[in-house]
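# Descriptive structure summary
One-letter residues, chain by chain:
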Amino acid sequence: MLRINDTAPNFTANTTHGKIDFHQWIGDQWAILFSHPKDFTPVCTTELGYMARIEPEFTKRNAKLIALSVDPVEDHTRWIGDIEETQSCKVNYPIIGDTDLAISKLYNMLPAEEVASDGRTATTNQTVRSVFIVGPDKKIKLMLTYPMTTGRNFDEVLRVLDSMQLTAKHRVATPANWKHGEDVIIAGSVSDDDAKKLFPQGWKSPRPYLRVTKQPGS
C-alpha cells in the first residue's frame, strides 16, 4: 500500500496530450493526479469542468493537473467536448487513458486482480475516485479517495497545497480549516529560543505546546 512520503510510482502512459513519462512530466513542479472510474459519467463531468476553471490557481502555485480515466484516449477526446459544452470551460490539462488499469492498480485504486476496462461500468471501477498530490521531489504528499456519488472538493485540494508549500518553506504547521493568510502554529520541533529568532513578531501561547503566530510572509 502507498503511504504519504512514498515515492510516487512512475509510469508511461498515453494521454490526450500524447505519451508521457510521469516523473519527467512533473519536472520541478507539484502535480495533482485525479482519477475517474469512467468517461461520460455525470459527477466526473462536473469535476473535470471545475478543475479546468480553477487550473490558473494551480498554475500560480507551480502545480500542474493531470486526470486519469480507465477509458481510451479517443473516448476522452469526445468526453472533453461534452465537458466544455456543459461546464462552460476549456480543458487544457492532459487526461490519461488507463485501459488496462495498470496505473489504477499501481496506485492501489483497484484490486490487483481486476483486468481490462472493456465492459466494466463506473460502479465496477468506483474505487478509482482518488486524488494524489505529488511534490517536486516525486514524493506523495496527499491521498484522498471519494465515494461515487460525492463530487470532490477541489478548493480543499488548493487549500492543502497552500499549507504544504508554506510548511515546507517555514517551520510551522496549519490549524484546522486554515486558509492562506491566517495565523499558523509554530512547529513542535522548534524550541522557544529558536522561535524567538524565527518569529520575532512573537506568538500567543494558550498552552506551552500551542504557539500561534502570524503566517510568515503574509
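I will try to describe carefully the structure that is included in this document. (Residues numbered from 1 in each chain as written. Predicted model: local features only at pLDDT ≥ 70, side-chain atom pairs only at ≥ 80, totals over all residues. Heavy atoms only, no water.)

Another aspect to go through is the overall build of the chain. What the chain contains, in helices and strands, is 6 helices and 11 strands. Out of the 218 residues in the chain, the part that is buried amounts to 47%. For the chain, the distance from the average site of its 26 positive side-chain charges to the average site of its 27 negative ones is 8 Å. (Helix = DSSP H or I, 4+ residues; strand = E, 2+ residues; numbered from the N terminus. Buried < 20%, exposed > 50% of the residue type's maximum accessible area, 1.4 Å probe, protein only. Lys, Arg positive; Asp, Glu negative; His and termini not counted. Charge placed at Lys NZ, Arg CZ, Asp CG, Glu CD.)

Quick look at the sheet that holds strand β10 (residues 204–207) now. Read across the sheet, 4 strands follow the order β8-β9-β11-β10 without closing on themselves; strand pairing throughout is antiparallel. The sheet terminates laterally at β8 (172–173) and β10, the two strands that pair on one side only. As defined by bridge partners, β10 adjoins strand β11 (residues 210–213) across 2 bridges and the pair is classed as antiparallel. Residue pairing across strands places K204 opposite V212, the latter belonging to β11. (Pairing = 2+ DSSP bridges.)

A complete count under the given rule lists 7 aromatic pairs for this structure. Judged by centre distance (6.1 Å) and plane angle (80 degrees), the ring pair of F11 and Y107 falls under edge-to-face. Of the two residues, F11 is situated in the segment before β1 (12–15) and Y107 in the loop between α4 (102–106) and β6 (130–134); the sequence distance between them amounts to 96 residues. Per residue, the accessibility class of F11 equals that of Y107, and both read buried. (Phe/Tyr/Trp six-rings, centres within 6.5 Å; stacked < 30°, edge-to-face > 60°.)

With 28 residues, the main nonpolar core has I32, F34, L48, M51, F58, Y93 and I133 as its most contacted residues. If you list the elements that add at least two residues to this core, you get β3 (30–36), α2 (42–60), β4 (63–69), α3 (73–87), β6 and α5 (154–169). If we ignore the near neighbours within four places in the chain, the residues touching I32 are M51, F58, A63, K64, L65, I66, V131, F132, I133, V157 and L161. Grouped together as the second largest cluster of nonpolar side chains are 23 residues, F11, A13, I66 and I103 included. (Core = buried A, V, L, I, M, F, W, Y, C linked by side-chain atoms within 4.5 Å. Contact = heavy atoms within 4.5 Å.)

Scanning all chains against the criterion turns up 12 salt bridges. Close ionic contact of D75 with R78 constitutes a salt bridge, the shortest N to O distance being 3.0 Å. Highlighted residues: D75 and R78, both in helix α3, separated by 3 residues, approximately one helical turn. For the salt bridge of R159 with E156, the shortest nitrogen-to-oxygen distance reads 2.7 Å. (Salt bridge = Lys/Arg side-chain N within 4 Å of Asp/Glu carboxyl O.)

Right, let's talk about the packing of α2 against α3 for a bit. Relative to each other, α2 and α3 sit at 70 degrees, their axes nearing to 9 Å. Viewed along their axes, α2 and α3 adopt a mutual orientation that is roughly perpendicular. Listed contacts from α3 to C44, T45, T46, L48, G49 and R53 of α2 are W79, I83, T86 and Q87. Looking at side-chain class alone, the contact of α2 with α3 contains 4 nonpolar, 5 polar and 1 charged residues. (Axes fitted to C-alpha atoms, helices over the stretch in contact; angles between N-to-C directions. Parallel < 35°, antiparallel > 145°, perpendicular 65-115°, else oblique. Nonpolar A, V, L, I, M, F, W, Y, C, P; charged D, E, K, R; others polar.)

A few words on the environment of N108. Following the sequence through the fold, N108 ends up in the loop between α4 and β6. Residue N108 is classed as partly exposed on the basis of its relative accessible area, which comes to 35%. The residues contacting N108, other than those within four sequence positions of it, are M1 and L2.

Right, let's get into the packing of α2 against α5. Interaxial distance between α2 and α5 falls to 10 Å at its minimum, and their mutual angle equals 30 degrees. Judged by the inter-axis angle, α2 sits roughly parallel to α5. Taken as a pair, α2 and α5 cross one another with a handedness that is right-handed. Packed against α2, whose contacting residues are E47, Y50, M51, I54, E57 and F58, the element α5 presents F154, D155, V157, L158 and L161 at the interface. Among the residues making up the contact of α2 with α5, the classes are represented as 8 nonpolar, no polar and 3 charged. (Left-handed = near helix turned anticlockwise from the far one by under 90°.)

So, on to the pairing of strand β7 (residues 140–145). Strand direction decides the pairing type here: β6 and β7, joined by 5 bridges, are antiparallel. Counterpart to S130 in the pairing with β7 is T145.

End to end, α5 covers 23 Å across 16 residues, agreeing with the expected 22 Å (1.5 Å per residue, within 8%). Every buried residue belonging to α5 is among F154, V157, L158, V160, L161, D162, S163, M164 and L166, and all of these are buried. For α5, the side-chain oxygen to backbone nitrogen distance between the N-cap and D155 is 3.1 Å, and the N-cap itself is N153. (Expected span 1.5 Å × (residues − 1). Polar contact = N/O pair within 3.5 Å; in protein donor to acceptor, adjacent residues only side chain to side chain.)

Read these as layout, nothing more, since geometry by itself doesn't imply function.
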